[in-house]
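Notes for the structure review
For reference, the chains in residue letters:
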Amino acid sequence: MESNFVDYVKIYCRSGKGGKGSMHLRHVKYNPNGGPDGGDGGKGGSIILRGNHNYWTLLHLKYERHIFAEHGGNGGRDKCHGTDGKDVYIDVPCGTVVYNAETGKYVCDVTYDGQEVMLLKGGRGGLGNFQFRTATNQAPRYAQPGEPMQEMTIILELKLLADVGLVGFPNAGKSTLVSSLSNAKPKIANYPFTTMEPSLGIVGYRDNKSFVMADIPGIIEGASEGKGLGLRFLRHIERNSLLLFMVPGDTDDIKREYEILLNELSQFNPEMLDKHRVLAVTKCDLLDEELIEMLKETLPSDLPVVFISAVTGFGLDELKDVLWSELNSESNKLNVITSEDSLVHRDKDMSVFAQELADEGEDEDIEYVDEDEIEDLDDFEFEDLDDEE
């Protein structure tokens, strides 16, 4: 069964070219020397990305292999202006990052609802010969061509925007916790890798306050090297403000499992170590108070530790208090992510994801041109249009 969660797609985009200006001389019986009356060409349509909070996946773009904007219309006689090409808006979920598929370089990102980012600008329309009339050149026989279109093949990559990201091995109880604290209904079963796709849940807090929790598939040792499912989904916690590490209470060495998880995050992106962290020891309904006190002495002392049981509800109120306190601490205030700062992996190589797309059949029959071949004409060159009517 095909998953409804799609977090990266590859699309060939092309803006519209500007329409040509008209070279036309007015000839009517009552005004045989009417002079130039060629109209301007219309502007080509642009490709614009727009944030839309109603989307949480890129599924609606999975089969959009090509997106074209309209070309501008050519100018006409009687100073008629060419029609402007319609802009094309691509609605994407908040947290979408755009890369150039050919170079792998960062292009832009969309982080909030309603945000609009110009991806490819439509070409300007050329001026008609009416615009070039002067006292010494009353019948100009030239007009401007329109600016060319712009083309680019892009990779859209979704990074979920959430306040708290859950990090843990398979069967650590992440999905159970999300279902207990929110209305989200992730799949829960007694076998590894039950969660095959990320999910979001809104956790209610006191005084009608809330925060967003993100559950991702379990991480295994070596996930940063491509083992398991971790590599593909680790990016979804890059933009979480707080990381909640979850280790079962019946684990032989809780501290060691926590250090393994921390090391995988460090290998994937060292900047994750700068995030605030909380450790939750799960499945504590299997432990008695004496054992819990003994375990506290062996756990890391550089972060808050909470013992919980999502099944019985033990410790969940305390956990929410700790998470809320950490989220609103002065050192952990959420910074607004812009296209100019705070982005991680801006220069990362996207060849891995491009290969995954190719393996899934997403990469066929997509053509693109080198960016260096796309001209940006700030100044038009005159074009002789003596043969135009």
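Residues numbered from 1 in each chain as written. Predicted model: local features only at pLDDT ≥ 70, side-chain atom pairs only at ≥ 80, totals over all residues. Heavy atoms only, no water.

This part takes up unusual backbone geometry. For aspartate 78, which is not glycine, the phi torsion reads 60 degrees and is therefore positive. With respect to the helices, strands and loops of the structure, aspartate 78 is situated in the loop between strand 5 (66-68) and strand 6 (88-92). Positive phi is not limited to glycine here, since lysine 283 has a value of about 55 degrees. Looking at the secondary structure, you find lysine 283 in the loop between strand 16 (276-282) and helix 4 (289-296). The class for lysine 283 is partly exposed, based on a relative accessible area of 30%. (Helix = DSSP H or I, 4+ residues; strand = E, 2+ residues; numbered from the N terminus. Buried < 20%, exposed > 50% of the residue type's maximum accessible area, 1.4 Å probe, protein only.)

With that settled, consider helix 3 (residues 254-268). In this model, helix 3 (15 residues) spans 22 Å end to end at C-alpha, consistent with the 21 Å of a helix rising 1.5 Å per residue. Inspection of helix 3 places Ile254, Tyr258, Ile260, Leu261, Leu262, Glu264, Leu265 and Phe268 among the buried residues, and these make up the whole buried set. The opening residue of helix 3, the one whose side-chain oxygen lies 3.3 Å from the backbone nitrogen of lysine 255, is aspartate 253. (Expected span 1.5 Å × (residues − 1). Polar contact = N/O pair within 3.5 Å; in protein donor to acceptor, adjacent residues only side chain to side chain.)

Moving on to the environment of asparagine 33. Along the chain, asparagine 33 falls in strand 3 (residues 31-36). The exposure class assigned to asparagine 33 is exposed, which follows from its relative accessible area of 70%. Along the chain, asparagine 33 and alanine 139 lie 106 residues apart, while their C-alpha atoms are 9.3 Å from each other.

Moving on, we get to the pairing of strand 15 (residues 242-248). Counted residue by residue, strand 15 has seven buried out of seven residues, so it is predominantly covered. Covered by surrounding structure in strand 15 are Leu242, Leu244, Met246 and Pro248 together with Leu243, Phe245 and Val247, the residues of both alternating faces. Strand direction decides the pairing type here: strand 15 and strand 16, joined by seven bridges, are parallel. Within strand 16, the position partnered with phenylalanine 245 by the bridge is leucine 279. (Pairing = 2+ DSSP bridges.)

Right, let's get into the packing of aromatic side chains. Inspection of the entire model under this criterion finds five aromatic pairs. Arranged with centres 6.2 Å apart and planes meeting at 40 degrees, the rings of phenylalanine 211 and tryptophan 324 form a pair that is tilted. With phenylalanine 211 in strand 14 (residues 210-215) and tryptophan 324 in helix 5 (residues 316-327), the pair connects residues that are 113 residues apart, well separated along the chain. Overall, the relative accessible area of 2% leaves phenylalanine 211 in the buried class. Classification of tryptophan 324 as buried rests on a relative accessible area of 19%. (Phe/Tyr/Trp six-rings, centres within 6.5 Å; stacked < 30°, edge-to-face > 60°.)

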